[in-house]
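Residue-level listing of the chains:
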Amino acid sequence: MSTLTDSRPRALSRKNLAATLAGGYVPLVLATLVVFLPLLWMVLSSFKQPGEIVTTDLKILPQAPTLDNYHTAMTTVPFGQFFANSVIVTAVGSAIKVSLAILTAYALVFVRFPFKNVVFVIILVALMVPAQVSILPNYILIAGLGGKNTLWGIILPGLGTAFGTFLLRQHFLTLPGSILEAAELDGAGHWRRLWRIVVPVSIPSIATVGLVTVVSEWNDYIWPLIITDRPESMTLPVGLTLLQNSESNGAGWGILMAGSVLVILPVLSIFAMLQRYIVAGLTQGSVTG
């Protein structure tokens, strides 16, 4: 026993510190820099003069910080209309998607019906298929229904969420069946059991699905770009393309950076409000005993 103890490296030994740095801190720092540095460069560039961005003399910090880029970004294009469209699309689309995910996951776990496993396999297949595959069929369908350049045309094709259904189903499987059985004996139906028992104890997982859904809806670019070509129906990410076309010189980069910052600020605010639920929602049910 003493031989095994002596062979182990001490906590503060050179070998142990090197292993900790190589296997933990160095990858963590590199991953953080890869994610954070482009965002930092975008924010700093949004305060720069045009000559400080397009130059051979690299300047990291703005020499004369200015808010002109933000003013131009919000006045050159109908920014208020873009923002309102994004809020409507995100709020309505996320609410429906999360509600459908809750109902579908509950049915897959607690409701008996034929071919339940087949339905779950189809959901898994939908989770693996890239969304770009369905762009052409969706465009033909929505355009045929008159949904081009409409907000409901943006919302409708993405109402299903395979990820949310899968995550909530896995969480619902960890819930103790005795609670629902007791509620059933008391005369509670599926609707009451869902909203009085299942949903309240699943808030972290539902908040995680909600956050992922809100971020994906707010940042969605390809589908709104394809289905809209009028400014009155564009969302914020698509509206940034108008900023790019409004300036042909170096000033356009600072305006684009400012517009990008304005686009991500609402998402960061929502993330700050819900971040405490993320880890809890993704890890619920992973610890047993």
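Parameters and conventions
- Residues numbered from 1 in each chain as written.
- Predicted model: local features only at pLDDT ≥ 70, side-chain atom pairs only at ≥ 80, totals over all residues.
- Heavy atoms only, no water.
- Axes fitted to C-alpha atoms, helices over the stretch in contact; angles between N-to-C directions.
- Helix = DSSP H or I, 4+ residues; strand = E, 2+ residues; numbered from the N terminus.
- Parallel < 35°, antiparallel > 145°, perpendicular 65-115°, else oblique.
- Contact = heavy atoms within 4.5 Å.
- Nonpolar A, V, L, I, M, F, W, Y, C, P; charged D, E, K, R; others polar.
- Buried < 20%, exposed > 50% of the residue type's maximum accessible area, 1.4 Å probe, protein only.
- Left-handed = near helix turned anticlockwise from the far one by under 90°.

### Brief notes about the packing of helix 9 (residues 162-172) against helix 12 (residues 203-219)
At a minimum axis separation of 10 Å, helix 9 and helix 12 run at an interaxial angle of 170°. Taken together, helix 9 and helix 12 sit at an angle that is classed as roughly antiparallel. Contact with helix 9, carried on its side by Phe163, Gly164, Leu167, Leu168 and His171, involves Ser205, Ile206, Thr208, Val209 and Val212 of helix 12 and no other residues of that element. Classifying every residue of the contact of helix 9 with helix 12 by side-chain character gives 6 nonpolar, 4 polar and no charged.

### Describing the side chain of Thr161
Turning to its location among the elements, Thr161 is positioned in the loop between helix 8 (151-155) and helix 9. For Thr161, a relative accessible area of 13% translates into the label buried. Among all residues touching Thr161, those that are not within four sequence positions of it are Lys97 and Ala101.

### Examining the packing of helix 5 (residues 79-110) against helix 9
Each pair of packed helices gets described by two things: the angle between the helix axes and the distance between those axes. Remark: helix 5 packs on helix 9, axes separated minimally by 8 Å, with the N-to-C direction vectors making an angle of 45°. Judged on the interaxial angle alone, helix 9 and helix 5 are oblique. Here helix 5 and helix 9 pass one another in a crossing that is right-handed. In contact with Ala101, Ile102, Thr104, Ala105, Tyr106, Leu108, Val109 and Phe110 of helix 5, helix 9 contributes Gly164, Thr165, Leu168, Arg169 and Phe172. Residues belonging to the contact of helix 5 with helix 9 are distributed by class as follows: 9 nonpolar, 3 polar and 1 charged.

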